[in-house]
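Tertiary structure, described
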Amino acid sequence: MLEFAINTAEKAGRYLAEHFGKDLQVEHKGRIDLVTQVDRAAQDLIVSMIEERYPGHSLVAEEGVTRIQSSPYVWYIDPLDGTVNYVHGIPIFCVSIAVYKDGEPLIGVCYNPISKELFWAHAGNGAYLNGKKIRVSAAETLVDALVVTGFPYATDRMDRIIGRFSTIIREVQGIRRLGSAALDLCFVACGRFDGFWEEGLRPWDMAAGIVILSEAGGTCSSFCGAGIDLAAGEIVAGNMRIHHELVRLV
Ligand code: IPD
Ligand code: CA
Ligand code: CA
């Protein structure tokens, strides 16, 4: 199943790369929430591959495909995480595919076809970047921590979100905003970032990155430190130490 998930992400990734920087039909799902024909076509490719190989599995994909069946396996698919970057020609985006079994993380794959970085993890077997085992950073203090966050498309909670940002930026070494929550989690997993927090996410934004982060020795939780609920959409992540500090600030 892991090999299949990797092949599927690579195939969809090649499709994204082929169309990157070319003519895009950009539609608005909301005021600033974009979708293109490339998101949809990449998703069709992934969904049809999974449906053919695992017809009994459940599937939740961003662009309007949810198929719930009586199976312990659920596939979470974001065919293009980082659509706004993609539309602007910024090469920070990925295909994100996860499998959860009985609600527990099993497989996570994130592939950026431009940097050719393939992150994957399988529960109990560690996390890898292009075949090399990865591990979260060893940063111990916030002042040494480079952290990353994101902002939801809905702007109704912006005061609270900026308030949190304002608190955290006074404590850490720096804050980045990449524009792909899946890659944010992968970058924490491989130690480039020391922590990540965001609210207003959807299950497909986080599902794969959570498997990769956890298998790389990282920790994630809800804002109050409780177990992750994919449906609640909020996450604080990091190495053990920075995660603890971020939960306190968030
Ligand atoms: C978005 C990205 C972004 C995050 C947004 C997500 P999309 O996903 O992950 O980093 O801040 O909340 O919706 O729309 O590019 O698939
Ligand atoms: Ca996304
Ligand atoms: Ca997307």
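Look above for the structure.
Residues numbered from 1 in each chain as written. Chains lettered and ligands numbered in written order. Predicted model: local features only at pLDDT ≥ 70, side-chain atom pairs only at ≥ 80, totals over all residues. Heavy atoms only, no water.

Here we take up the site of ligand 1. Residues in close proximity to ligand 1 total 16 residues, the closest being D81, G82, T83, Y153 and E198. Measuring from an oxygen atom of ligand 1, one finds a side-chain N or O atom of E62 at 3.2 Å. In this structure, an oxygen atom belonging to ligand 1 sits 2.7 Å away from a side-chain N or O atom of Y153. Element by element, the count of residues in the shell around ligand 1 is highest for strand β5 (residues 73–81), at three residues. Classifying every residue of the shell around ligand 1 gives five nonpolar, five polar and six charged. (Near = heavy atom within 4 Å. Polar contact = N/O pair within 3.5 Å; in protein donor to acceptor, adjacent residues only side chain to side chain. Helix = DSSP H or I, 4+ residues; strand = E, 2+ residues; numbered from the N terminus. Nonpolar A, V, L, I, M, F, W, Y, C, P; charged D, E, K, R; others polar.)

Two elements in contact, helix α1 (residues 2–19) and helix α2 (residues 37–53), have axes whose closest approach is 10 Å; the angle formed by their N-to-C orientations is 160 degrees. With respect to α2, the axis of α1 lies roughly antiparallel. Judged by the twist between their axes, the crossing of α1 over α2 is right-handed. Contacts from F4, T8, K11, A12, Y15, L16 and H19 of α1 reach α2 at V38, A41, A42, L45, I46, M49, I50 and R53. Of the residues belonging to the contact of α1 with α2, the class tally is 11 nonpolar, two polar and two charged. (Axes fitted to C-alpha atoms, helices over the stretch in contact; angles between N-to-C directions. Parallel < 35°, antiparallel > 145°, perpendicular 65-115°, else oblique. Left-handed = near helix turned anticlockwise from the far one by under 90°. Contact = heavy atoms within 4.5 Å.)

The five strands lie next to each other as β12-β11-β13-β15-β14, forming an open sheet whose pairing is mixed. Of all the strands in the sheet, the pair left with one neighbour each is β12 (174–176) and β14 (219–221). The average angle at which neighbouring strand axes cross in this sheet is 20 degrees, direction not considered. Here strand β11 (residues 146–149) runs beside β12; their pairing, made up of three bridges, is parallel. Looking at β12, one finds that L146 is bridged to G174. Most of the contacts of helix α5 (residues 181–189) go to strand β13 (residues 195–198), to which it runs at about 155 degrees, and overall it touches β11, β13 and β15 (235–238). (Pairing = 2+ DSSP bridges.)

Moving on, we come to a nonpolar patch on the surface. A cluster of nonpolar side chains, contributed by I32, V84 and Y153, occupies part of the molecular surface with about 220 Å² of accessible area. Summarising the element assignment, Y153 is placed in the loop between β11 and α4 (158–169). Y153 gets classed as partly exposed once you look at its relative accessible area, which sits at 38%. (Patch = residues over 30% accessible without salt bridge, like charges linked within 9 Å, V, L, I, M, F, W, Y side chains within 5 Å. Areas by Shrake-Rupley, 256 points an atom, 1.4 Å probe, with all protein chains shown as cover. Salt bridge = Lys/Arg side-chain N within 4 Å of Asp/Glu carboxyl O. Buried < 20%, exposed > 50% of the residue type's maximum accessible area, 1.4 Å probe, protein only.)

This next bit is on the sheet that holds strand β4 (residues 65–67). Spatial strand order, β4-β3-β5-β6-β7-β8-β9-β10: eight strands in an open sheet with mixed pairing. Every interior strand has two partners, whereas the edge strands, β4 and β10 (132–133), have only one. Inspection of the sheet shows strand β3 (residues 58–61) paired to β5 by four bridges, in the parallel sense. Considered in β5, the bridge of S58 is made with V74. α5 contacts β5, β6 (94–101), β7 (104–112) and β8 (117–122) of the sheet and is inclined by roughly 75 degrees relative to β8.

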